[in-house]
Amino acid sequence: MKRLRLGAALLVLAAVMHLGARGLDPLPPLGGLLDPVYGAWANGRLAALPSDAAAEIPGLEGAVEVVYDVRGVPHITAGTYDDLMRALGFVVARDRLFQLEMQTRFTAGTLSELFGAGAVDVDRDQRALGLVWSAEREFAALPPSGPIARAMAAFGEGVNAWIDGVDRKTLPFEYRLLDAWPARWAPEHSLYLARRMGYTLSYSRSEFRRRRAAGLIGQDATDALFGRHSPIQEPIQPGPRPAYPWFDRSPLPPPSPAVSAPVAPADGPRAEAPGATARPMVAGWFVGPDDVPPGVIGSNNWAVAPERSASGFALLAGDPHLDLTLPSIWYEVHLVIPGEVDVYGVTIPGMPGIVIGFTRDVAWTLTNTGADVLDYYEEVLDDAARPSRYRVDGAWRDLERREEVYRGRDGAVVAVDTMYFTHRGPLVRDEHVPLSIRWTNLSEAVPYGIIAALGRAGSVRDVLAETAIWGPSAQNILTADRQGHIALRSTGAFPLRGAAGDGPDFLDGATTATDWTGAWPVERYPTGFRPAQGYLASANQEPLDPADDSTYLGVEWQEPWRAMRINRLLRESSTVSVDDFRRFQTDPGNERAELFVPLFLAAARSAHAGRDEDASSLDFAAALLAEWGRVYAPQDTVAVLFEAAMDELENRVWDELLPPPDPERRHDRRRRVATPSEAVLWRALVDSTETWCDDRRTPAVEPCRMLLAQSLAAAYTAAVEQLGKPNADTWRWDRHQTANVWHLLRQRALSALDLPVQGGPGTLNPSSGSGTHGASWRMIVELGEELRAWVTYPGGQSGNPASPWYDDRIPEWVAGELQPVLFPRTGADLSEEQVAARLTLEPAP
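Described below are features of the structure shown in this document. All figures in this text were calculated on a predicted structure; none of them were measured in a lab.

## Concerning the pattern of salt bridges
Right, on to step 1. Evaluation of the coordinates by the stated rule reveals 50 salt bridges.
Right, on to step 2. Residues Glu113 and Arg105 are paired through a salt bridge, measuring 3.1 Å at the closest nitrogen-oxygen approach.
Right, on to step 3. We note a salt bridge from Asp587 to Arg565, for which the minimum N-O separation is 2.7 Å. A residue pair is termed long-range when its members are at least 10 positions apart, and Asp587 in the loop between α17 (578–585) and α18 (591–608) and Arg565 in helix α16 (residues 561–571) qualify at 22 residues. Here the two residues Asp587 and Arg565 agree in accessibility, since each one is buried.
Right, on to step 4. Through salt bridges that share partners, Arg565, Arg568, Glu572, Asp587 and Glu591 make up one connected network.

## Quick notes on the sheet that holds strand β12 (residues 362–368)
Right, on to step 1. With mixed pairing, 11 strands are arranged side by side in an open sheet as β1-β33-β2-β3-β9-β10-β11-β12-β20-β21-β25. Each edge of the open sheet is held by one strand with a lone partner, namely β1 (52–57) and β25 (527–529). Looking at each pair of strands side by side, their axes are set apart by 20° on average, direction ignored.
Right, on to step 2. Looking at chain direction, β1 and strand β33 (residues 835–843) are connected through 6 bridges and run parallel. When the sheet's bridge partners are listed, Ala53 is paired in β33 with Leu839.
Right, on to step 3. Where helix α4 (residues 81–108) meets the sheet, it contacts β1, β2 (64–69), β3 (74–77), β9 (331–337), β10 (341–347) and β33, and its direction lies at approximately 155° from that of β9.

## Thoughts on the packing of aromatic side chains
Right, on to step 1. One pass over the structure, following the stated rule, counts 28 aromatic pairs.
Right, on to step 2. An aromatic cluster of at least three residues, connected via ring pairs, comprises Phe600, Trp628, Tyr632, Phe642 and Trp733.
Right, on to step 3. It is Arg241 that lies over the ring of Trp246; its NZ or CZ is 3.6 Å from the centre.
Right, on to step 4. Directly above the ring of Tyr377 sits Arg424, whose terminal nitrogen or CZ lies 4.3 Å from the centroid.

## Examining the side chain of Arg424
Right, on to step 1. Its location among the elements puts Arg424 in the loop between β17 (413–421) and β18 (427–429).
Right, on to step 2. A distance of 2.8 Å separates the side chain of Arg424 from the side chain of Glu379, its partner in a polar contact.
Right, on to step 3. Within the local environment of Arg424, its side chain forms a polar contact with the backbone oxygen of Gly509, the two atoms lying 3.0 Å apart.
Right, on to step 4. Setting aside anything within four residues of it in sequence, one finds Arg424 in contact with Tyr377, Glu379, Ser436, Ile437, Arg438, Asp508, Gly509, Thr511, Thr512, Thr514 and Asp515.

## A word on the state of the cysteines
Right, on to step 1. Within the structure shown, the criterion is met by 1 disulfide.
Right, on to step 2. Across a sulfur-sulfur distance of 2.0 Å, Cys693 and Cys704 are joined as a disulfide pair. Here Cys693 and Cys704 share a disulfide; its torsion about the S-S bond, 95°, makes the bridge right-handed. Pair noted here: Cys693 is in the loop between α21 (678–686) and α22 (704–723) and Cys704 is in helix α22, with a separation of 11 residues, a long-range link.
Right, on to step 3. Among the residues examined, Cys693 registers a relative accessible area of 3% and is labelled buried.

## Some words on empty space enclosed by the protein
Right, on to step 1. This model, assessed by the stated rule, comprises 8 cavities of 30 Å³ or more.
Right, on to step 2. Looking at the lining of the largest cavity, the elements with two or more residues in it are α10 (189–202), β6 (298–304), β7 (314–323), β12 and α14 (448–454).

## Concerning the side chain of Thr359
Right, on to step 1. Turning to its location among the elements, Thr359 is positioned in the loop between β11 (356–358) and β12.
Right, on to step 2. A polar atom in the side chain of Thr359 sits 2.8 Å from the backbone oxygen of Ala457.

## A look at the sheet that holds β18
Right, on to step 1. Sheet architecture is open: 4 strands sit in the order β18-β19-β13-β23, paired in mixed fashion. For this open sheet the edge positions go to β18 and β23 (507–508), each flanked by a neighbour on one side alone.
Right, on to step 2. Sheet analysis places β18 next to strand β19 (residues 434–439), joined by 3 bridges and oriented antiparallel. Within β19, the position partnered with Val428 by the bridge is Leu435.

## Some details on the nonpolar core
Right, on to step 1. Of all hydrophobic cores here, the largest spans 125 residues; its most connected members are Ile76, Phe358, Leu839 and Leu841.
Right, on to step 2. The element that contributes the greatest number of residues to this core is α4, accounting for 15 residues.
Right, on to step 3. In this structure, Leu216, Ala221, Leu649 and Val653 belong to the second largest nonpolar core, which totals 57 residues.

## Points about the pairing of strand β13 (residues 374–378)
Right, on to step 1. Burial within β13 is extensive, with 4 of its 5 residues counted as buried.
Right, on to step 2. Alignment of β13 against β19, held across 5 bridges, turns out to be antiparallel. The partner of Tyr376 across the bridge, within β19, is Ile437.
Right, on to step 3. Across 2 bridges, β13 lies against β23 in parallel orientation. Within the sheet, the bridge partner assigned to Glu378 lies in β23 and is Asp508.

Calculation criteria
- Residues numbered from 1 in each chain as written.
- Predicted model: local features only at pLDDT ≥ 70, side-chain atom pairs only at ≥ 80, totals over all residues.
- Heavy atoms only, no water.
- Salt bridge = Lys/Arg side-chain N within 4 Å of Asp/Glu carboxyl O.
- Helix = DSSP H or I, 4+ residues; strand = E, 2+ residues; numbered from the N terminus.
- Buried < 20%, exposed > 50% of the residue type's maximum accessible area, 1.4 Å probe, protein only.
- Pairing = 2+ DSSP bridges.
- Axes fitted to C-alpha atoms, helices over the stretch in contact; angles between N-to-C directions.
- Contact = heavy atoms within 4.5 Å.
- Phe/Tyr/Trp six-rings, centres within 6.5 Å; stacked < 30°, edge-to-face > 60°.
- Lys NZ or Arg CZ within 6 Å of the ring centre and 35° of its normal.
- Polar contact = N/O pair within 3.5 Å; in protein donor to acceptor, adjacent residues only side chain to side chain.
- Disulfide = S-S within 2.5 Å.
- 1 Å grid on protein atoms, 1.4 Å probe; cavity = no way out; pocket = protein on both sides within 12 Å on 5 of 7 lines; lining within 4 Å.
- Points joined across faces, edges and corners; volume = space filled by probe spheres on them.
- Core = buried A, V, L, I, M, F, W, Y, C linked by side-chain atoms within 4.5 Å.

Next up, the structure:
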């Protein structure tokens, strides 16, 4: 693992050169960074608190005790909730100050003030979505003396108390590198962060993919390939069928000549931002939901009732899959108000409260539902270039206008935009028509009141009651309590769309008949409570079997492979233990391979029949697949072949989704305008009509088995050319797929890179592409007489590269190990051996 050595001038120089190479504004002179008192070296002396420390926070009502345990987790005990939030803001700022600012600036669209004009393009993208516009509107509507506004204000007071105490000697390394100073924290910044998470979890461009596809294959085929329901059903809620998974083998409609709108560009709506230059390289926060491989941004959770548990107590497990960064997006903390609040878990730095965790009596965790909570409306404007009005129901309405000013590092204005808003939301443009956005992330309240209430929850029913309206992004909330109850509900603001009925395609903005008319009532939410099967699980799959309830919830559901795997593991085990749960979280088995490998092998046998036996690429490849255990372990040598074969297969089956050749281009480098899920790919391969396997350029009708055999043979040939003959060195899975946990400034010396992982595409521990996404937090809770929990995440509590808590958890995360949680009644109940430092926070005079 690579760790910054703060005394090494060459590493600092490399960091400066790297950022400079990104086209950003000049950075400070190297001499200042190497100053032994005020430069980068200073961080080494400030990596840990002294054994006893004290500080003051303006506005604090009474003393707050903070005890850091040996894992770097602060146990905070306060007398009031406001003081608890002030202390949380203070300790988070101490450990994660630069991260707090990066998250805020990304969502606010003010990165150019930190990185220079090279970040304006990113800032424009973010502001065009209306995230800050909506956060400011929500903040203005909050009662100033209400609990949510007070919690955010108190958190900000804690952050600013830490910032006020920062001097050149305590300034985090990243600010020295950028020659910058921390910006003060405003209460509404917590809403910015929530809007950012809503973007990650619910922003979608499926309408654009569907329109691009329809322009090539027609609407009927598009509706089937990018449909409202998955062709493989392993629903979150136990359904009406006698057995799952259930497979839809009905024929797919054939492609037809283009009958819809022209093929749209692949990037979807985008703010018009002429003159923008290269983006700065910053990990994590520049990634949107459509920028990572399918199934990687997701999550798993599952729970078993006492009758299915080896200990006789309910067990709960959760592992949200998000960006992997140093520092981590999560911060572990224990919050206590004696007799009132006693909650442990993780917060996202900047949020006033714990998002995933447990009290003494109940635990909860989340996965993303993936429901369609964003619609695009085609609007009619009075002037395409400089609009002032839009037409609805035969009458003109005034557009709301907002001027967006972008500033550089020196405060000078570098760009100015005008944003427009209809009654639905922000107006964006694509190549063809102006569109406005209606999105729950811009209109629903951030659930900070819910997060605060969960800290007082004592049962599953309490959790379900408090999370009835989750807000910006629908979530699958799994919960278990000490009474042995387990429950799982898909909760959020699911839109009712009036005359539109559903919203997978662009809606007519010229009429209010397509406007949202409300949201699903809570009693309609997909819910499971103490099911007869004795367990519940979600992995971002479709919540309900359409045979039970076909009401529109979304389109293009995530692949079902993780859901199929965890359900298989739970069905096959009459009782499970904490250690079983731990192994499940990094289980290398792959239901995707279980489904596709037999198809490849059958195709190979069919191709071999009737010809002389010879040593062909297909024979060698089939022999390897036949012996493969279909697991993604680091030392495996066949997963590479299977992944290459799947890529080849997609290219051959979905050739109809390639745009027409461009006669102006010398080389044909076309990319598919959209790619159906692998569940749909499977359906195409078992379709008796074999419509999508046929190469329509030839008079013959090519069967699917031919494409399977060709894909397998081509994958083997390409692998041998690139890697040599199959061997335990160059074909090892961990030579081709690793996890990469980048520092926020994308500095290799501050990052943990090329980490071997047990897992791959479609596994419970998914890893693919650049390896920058995966299990961001792992938690297992046993709800016994005394609650016990085991946790980890890929990083450490501190954002200081010199701290022993910077990346100390990465080895156990890689190994699939967990650490037991220290959960005292208060920090004072920890033994001296369990305490790393103590901090007393006092009211400022």
